[in-house]
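Each chain, written out:
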2 protein chains.
Amino acid sequence: MKKEFRSGCPISSTLDVVGDKWSLLIIRDMLLKHKKTFKEISYSDERIAPSILSARLKLLESYKLIFKTKVPDNKKENIYLLTEKGIRLAPIIIEFSLWGNSNMGEFNEIDDIEGLNSDKSYIMQSVQDNYDSMLLDFH
Amino acid sequence: MKKEFRSGCPISSTLDVVGDKWSLLIIRDMLLKHKKTFKEISYSDERIAPSILSARLKLLESYKLIFKTKVPDNKKENIYLLTEKGIRLAPIIIEFSLWGNSNMGEFNEIDDIEGLNSDKSYIMQSVQDNYDSMLLDFH
DNA sequence: ATTTTTGCTTTCAATTCGATAGCAAAAGTA
DNA sequence: TACTTTTGCTATCGAATTGAAAGCAAAAAT
């Protein structure tokens, strides 16, 4: 399951964990859209295949960026939630969004994500705070 | 050469361009270590294969994150330099570094990158300014 | 004139990706 | 209770990508 790290560089090590085409999109949906189930995460604009989603969730769980739980009245459905480590990816996600907005317009028509283009540090904090308060519903 | 974008999401679009295991490491070396030639970039801790480096440089050039030039006294050696678009990836690189430092210690021994863990906005600015002033040597 | 360096390209086996289908257990419905 | 549907996956398998190694032509160095 786990791969070797290519070096001790923190940038390289972060890439070894979330440096693929899907992991940060899964975390985007969890963090910004508060998606919590396999099904919710499946239905994104980019349409991740279930086999890939399954593999990524396992990987993210093994690195403790997310954890799995259930709600009492539903024995089937898994609830995936971000850990503190995962929530702290907010600045990376937001910088990706800002950079994409400013620099990709030439190559692709870029959607506007509401409220993600104002004061950077304020946004980073409030995204994390929002997720934290949502987490309280699950103790 | 160029792929389709999976959606109009700026996060997804940025991932479509630099969301692989190597591109951001190449940009790290150019931006932080001021590497400029194929050979210099080849000799990183992570040892990128020449076929991959060649392909990535072409891709990054096609998206105008880097450009290729030469110095007058050397007809062989290509000089790769970051464009403004490329330099503006500094915040992403730095957030990757900060996150890796804080969150990957449990799984990998993480090197200290000198001076990259102080005031965030100061660092982001000075990394870009440093690169800009180096660029002046090439007009 | 010869050797070395540089910036690649080619090859090819191995790995990963990803669309589709399948499936068991739980939940919902009649 | 029987049935249908939903959910959260796993299995399959061809296609695409990766990456180690070797090769190579042009330029530079000796």
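Located above this text is the structure these notes cover.
Within any chain, residue numbers begin from 1 and follow the written order of that chain's sequence. Chains carry letters from A onward and ligands carry numbers from 1 onward, assigned in written order. Whole-chain, interface and lining totals are the exception, using all residues; otherwise, since this is a predicted model, local features are given only for residues with pLDDT of at least 70 and side-chain atom pairs are given and counted only at 80 or more. The basis for the side-chain values is all heavy atoms of the structure; hydrogens and waters are excluded.

Visitor: Account for the nonpolar core, with residues named and values stated.
Guide: Ranked by size, the top nonpolar core spans 88 residues in total, and within it Leu65(A), Phe96(A) and Phe96(B) carry the most contacts. The contact criterion used throughout is that any non-hydrogen atoms of two residues lie within 4.5 Å. For Phe96(A), the contacting residues outside a window of four places in its chain are Leu24(A), Pro10(B), Ile11(B), Thr14(B), Leu15(B), Val18(B), Leu24(B), Ile92(B) and Phe96(B). Among buried residues, the Ala, Val, Leu, Ile, Met, Phe, Trp, Tyr and Cys ones that are joined through side-chain atoms within 4.5 Å form a nonpolar core. For every residue, the accessible area (1.4 Å probe, protein chains only) is compared with the maximum for its type, and the residue is labelled buried under 20%, exposed over 50%, or partly exposed between those bounds.

Visitor: Describe the relation of the copies chain B and chain A, listing the residues and the values that go with them.
Guide: Copy-to-copy superposition: least squares on the C-alpha atoms, limited to residues that have pLDDT of at least 70 in both copies. Least-squares fitting of chain B to chain A yields an RMSD of 0.0 Å, with the transformation described by 0.0 Å of translation along the axis and a rotation of 180°. On this basis, the relationship between the two copies can be described by a two-fold rotation axis. For chain B, the smallest separation between a C-alpha atom and the rotation axis is recorded for Asp20(B), amounting to 2.7 Å. Looking at chain B, 100% of its interface residues are interface residues in chain A too, so the copies touch through the same face.

Visitor: Run through the interface of chain B and chain A, naming residues and quoting values.
Guide: Contact residues are listed per partner, giving 52 residues for chain B and 52 residues for chain A. Here chain B and chain A share an interface that buries about 4700 Å² over both sides, 66% of which is from carbon and sulfur atoms. The largest share of the area that chain B buries against chain A comes from Ile11(B), Phe96(B) and Trp99(B), three residues that together contribute 17% of it. Should a side-chain nitrogen of Lys or Arg be within 4 Å of a carboxyl oxygen of Asp or Glu, the pair is scored as a salt bridge. Where chain B packs against chain A, one counts 4 salt bridges. For the salt bridge of Glu106(B) with Lys64(A), the shortest nitrogen-to-oxygen distance reads 2.6 Å. In protein, a polar contact requires one atom able to donate a hydrogen and another able to accept it; more generally it is a pair of N or O atoms within 3.5 Å, and residues adjacent in sequence count only if both atoms are side-chain atoms. The interface formed by chain B and chain A contains 28 residue pairs in polar contact (both at pLDDT 80 or more). Secondary structure follows DSSP: runs of H or I at least 4 residues long count as helices, runs of E at least 2 residues long count as strands, and numbering of each begins at the N terminus. Those elements that place two or more of their residues in the side of chain B that touches chain A are helix H1 (10–18), helix H2 (23–32), helix H6 (90–103) and helix H7 (120–135) of chain B. With 10 residues, H6(B) is the single largest residue contributor to the side of chain B that touches chain A. Residue classes follow a fixed rule: Ala, Val, Leu, Ile, Met, Phe, Trp, Tyr, Cys and Pro count as nonpolar, while Asp, Glu, Lys and Arg count as charged, and any other residue, Gly among them, counts as polar. A class-by-class count of the residues in the side of chain B that touches chain A yields 24 nonpolar, 12 polar and 16 charged. Two parts placed together each lose some accessible area under a 1.4 Å probe, and the buried area is that loss summed for both.

Visitor: Quick rundown of the environment of Leu135(A)? Include the residues and the values.
Guide: Residues and elements named next belong to chain A. Positionally, Leu-135 belongs in helix H7 (residues 120–135). Overall, the relative accessible area of 16% leaves Leu-135 in the buried class. Taking the C-alpha atoms as reference, Leu-135 lies 13 Å from Gly-86; in sequence the two are 49 residues apart. Contacts of Leu-135, omitting those with residues within four sequence positions, involve Leu-81, Leu-82 and Ile-87.

Visitor: So what's going on with the side chain of Ser44(A)? Which residues, and what values?
Guide: Structurally, the position occupied by Ser44(A) is in the loop between helix H3 (38–42) and helix H4 (50–62). If we skip the residues at most four places from it in the chain, Ser44(A) touches Arg28(A), Asp29(A) and Lys35(A).

Visitor: Pulling in residues and values, what's your account of a negative patch on the surface?
Guide: Together, Asp45(A), Glu109(A), Asp111(A) and Asp112(A) give the surface a local cluster of negative charge. Mapped onto the elements of the fold, Asp112(A) is located in the loop between helix H6 (90–103) and H7. Patches draw on residues past 30% relative accessible area with no salt bridge. Two like charges within 9 Å are joined, as are two nonpolar side chains (Val, Leu, Ile, Met, Phe, Trp, Tyr) within 5 Å. Note on areas: Shrake-Rupley with a 1.4 Å probe; residue coverage comes only from the protein chains shown. His is not counted, nor are the chain ends; Lys and Arg add positive charge and Asp and Glu add negative charge. By convention, the point assigned to a charge is CZ for Arg, NZ for Lys, CD for Glu and CG for Asp.

Visitor: Tell me about the protein's contact with DNA strand D, and please be specific about residues and values.
Guide: If a single non-hydrogen atom of a residue is within 4 Å of a molecule or strand, that residue counts as near it. With respect to spatial proximity, 20 residues lie near DNA strand D, and among them Ser54(A), Lys76(A), Glu77(A), Tyr80(A) and Lys75(B) are the closest. Counting only atoms of DNA strand D within 4 Å of the protein, the fraction found in sugar and phosphate groups is 70%. One nitrogen or oxygen atom from the side chain of Asn78(A) is found 2.9 Å from a phosphate oxygen belonging to DNA strand D. In the model, a base nitrogen of DNA strand D is placed 3.4 Å from a nitrogen or oxygen of the Lys76(B) side chain. For the surface near DNA strand D, the secondary-structure elements that each account for two or more residues are H3 and H4 of chain A together with helix H4 (50–62) of chain B. No other element matches the 4 residues that H4(A) contributes to the surface near DNA strand D. Class assignment for the residues of the surface near DNA strand D results in 6 nonpolar, 6 polar and 8 charged.

Visitor: Got a sec to walk through the packing of aromatic side chains? Specific residues and values, please.
Guide: Centres within 6.5 Å make a pair out of two Phe, Tyr or Trp rings, where for Trp the six-membered ring is used; the pair is then stacked when the planes are under 30 degrees apart, edge-to-face when over 60, and tilted otherwise. Taken as a whole and assessed by the stated rule, the structure comprises 5 aromatic pairs over all chains. Judged by centre distance (6.1 Å) and plane angle (35°), the rings of Phe96(A) and Phe96(B) are tilted. Note that Phe96(A) is positioned in helix H6 and Phe96(B) in helix H6, a pairing that runs across two chains. Judged by relative accessible area, Phe96(A) falls into the buried class, the value being 1%. With centroids separated by 6.2 Å and ring planes inclined at 70°, the aromatic side chains of Phe5(B) and Tyr63(B) adopt a geometry described as edge-to-face. With Phe5(B) in the segment before H1 and Tyr63(B) in the loop between H4 and strand E1 (66–69), this residue pair connects regions lying 58 residues apart in the sequence.

Visitor: Could you give an account of the protein's contact with DNA strand C, naming the residues involved and the relevant values?
Guide: Taken together, 20 residues form the shell around DNA strand C, and within it Lys75(A), Ser54(B), Lys76(B), Glu77(B) and Tyr80(B) come nearest. Here, DNA strand C places atoms within 4 Å of the protein, and 69% of those atoms are sugar or phosphate. Side-chain polar atom of Trp22(A) to a phosphate oxygen of DNA strand C: 2.8 Å apart, as the coordinates give it. Within the contact set of DNA strand C, a phosphate oxygen lies 2.5 Å away from a backbone nitrogen or oxygen of Lys75(A). Residue assignment for the surface near DNA strand C shows that the elements contributing at least two residues are H4 of chain A together with helix H3 (38–42) and H4 of chain B. Residues that form the surface near DNA strand C fall into these classes: 7 nonpolar, 5 polar and 8 charged.

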